[in-house]
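Architecture at a glance
Chain by chain, the residues:
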Amino acid sequence: MSGDDHDRPWRREDAWQRLRALTPARIALGRAGTGLPTAALLEFQRAHAAARDAVHAPFDAEPVRTALRALGHPTMTVSSRAADRIEYLQRPDLGRRLADADRERLAADDPADCDLAIVIGDGLSAIAAATHALPVVQRLLRSLPGHGIRPGPVIIAHQARVALADEIGERLQARQVLILIGERPGLSSPDSLSGYLTWAPQVGRRDAERNCVSNIRPDGGLSYDAAAHTLIYLIREAQRRRLTGVALKDDSAGSPSLLAGTDTHS
């Protein structure tokens, strides 16, 4: 830094402001004595409260069910073994297994005979699931049949962890399962949705056997079109190669749009 810059602190402040414009991370907050400025402290408290609310908010799934029924697509609702939100947060293992009644109900129904079971789970941000899952699912349901993929019923899962989809897919005898689930909120992203795809789902699958498309949210994350495009690519490749996970790479960026009714990959 030149001697002139030492005499002009506003120049240093401008440089930090330019950096702040490039990232949602909390940098260049300034200080008031030995503490944060009031505005920065209040913004942190606001973001922390939004993240906490996202974790504890209930999953209002009725609008999702109503929209899917309007499309003529069947839905089912299940719950994990976690009895409520408190138990779900304290016992992650219970969120990975179906409640006994739902497990038996899925087994009693006729096998879905589908290439793909789609699950919408609340996860650690029901806000993300309620806000972003439906637009992605709508794009998938519209596009997948054109790629020779038969989707089964959409399963709406309460108190769900990622691995709950393994048991759901296994009970439905689906060839692969996709769960769209709310992720653990961050201080800049309380509504981040992710999609996890698993070939030949069964209880006990490891995370290395899944593919993940993360941070699905139009404001600061992956757009619905981009997420659906990537997911369709992975689903098609999983069907062709009969695997998911570390052996299946996402090379969708160079391919033309896979979405029905679109010409470009957005």
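Overview of the structure. (Residues numbered from 1 in each chain as written. Predicted model: local features only at pLDDT ≥ 70, side-chain atom pairs only at ≥ 80, totals over all residues. Heavy atoms only, no water.)

1. Regarding the pattern of salt bridges
Counted according to the given criterion, the structure contains 18 salt bridges. Note that E167 and R97 form a salt bridge whose closest N and O atoms lie 2.9 Å from each other. With a gap of 70 residues between them, E167 in helix 8 (residues 164–172) and R97 in the loop between helix 5 (85–90) and helix 6 (100–108) connect regions that are remote in the sequence. Residue E167 is classed as buried on the basis of its relative accessible area of 1%. Residue R175 pairs with D115 through a salt bridge whose shortest N-O separation is 3.5 Å. Remark: D115 occurs in the loop between helix 6 and strand 2 (116–121) and R175 occurs in the loop between helix 8 and strand 4 (176–182); sequence separation between them is 60 residues. By relative accessible area, which is 31% here, R175 ends up partly exposed. (Salt bridge = Lys/Arg side-chain N within 4 Å of Asp/Glu carboxyl O. Helix = DSSP H or I, 4+ residues; strand = E, 2+ residues; numbered from the N terminus. Buried < 20%, exposed > 50% of the residue type's maximum accessible area, 1.4 Å probe, protein only.)

2. Description of a nonpolar patch on the surface
The grouping of W16, L19 and L22 at the surface amounts to a nonpolar patch, some 350 Å² of accessible area in total. The topology assignment puts W16 in helix 2 (residues 9–20). On the basis of relative accessibility, which here comes to 45%, the residue W16 falls in the partly exposed class. (Patch = residues over 30% accessible without salt bridge, like charges linked within 9 Å, V, L, I, M, F, W, Y side chains within 5 Å. Areas by Shrake-Rupley, 256 points an atom, 1.4 Å probe, with all protein chains shown as cover.)

3. Section: the nonpolar core
Across soluble globular proteins, nonpolar side chains show a tendency to be buried alongside one another. Within the largest apolar cluster, 39 residues are counted, with the highest numbers of intra-cluster contacts made by L116, I120, V137, L140 and L180. Contact partners of L180, with chain neighbours within four places excluded, come to V119, I120, G121, A133, V136, V137, L193, S194, G195 and L231. By size, the runner-up hydrophobic cluster in this structure holds 20 residues, among which are L98, V119, A157 and L172. (Core = buried A, V, L, I, M, F, W, Y, C linked by side-chain atoms within 4.5 Å. Contact = heavy atoms within 4.5 Å.)

4. Concerning the pairing of strand 5 (residues 193–199)
Across the 7 residues of strand 5, 7 count as buried, placing the element largely inside the fold. Of the two faces of strand 5, the one holding L193, G195, L197 and W199 and the one holding S194, Y196 and T198 are both buried throughout. Bridge count for strand 4 against strand 5 is 7 bridges, and the pairing is antiparallel. Residue pairing for strand 5: L180 is matched across the bridge by G195. (Pairing = 2+ DSSP bridges.)

Purely spatial values, then, with no claim about function.
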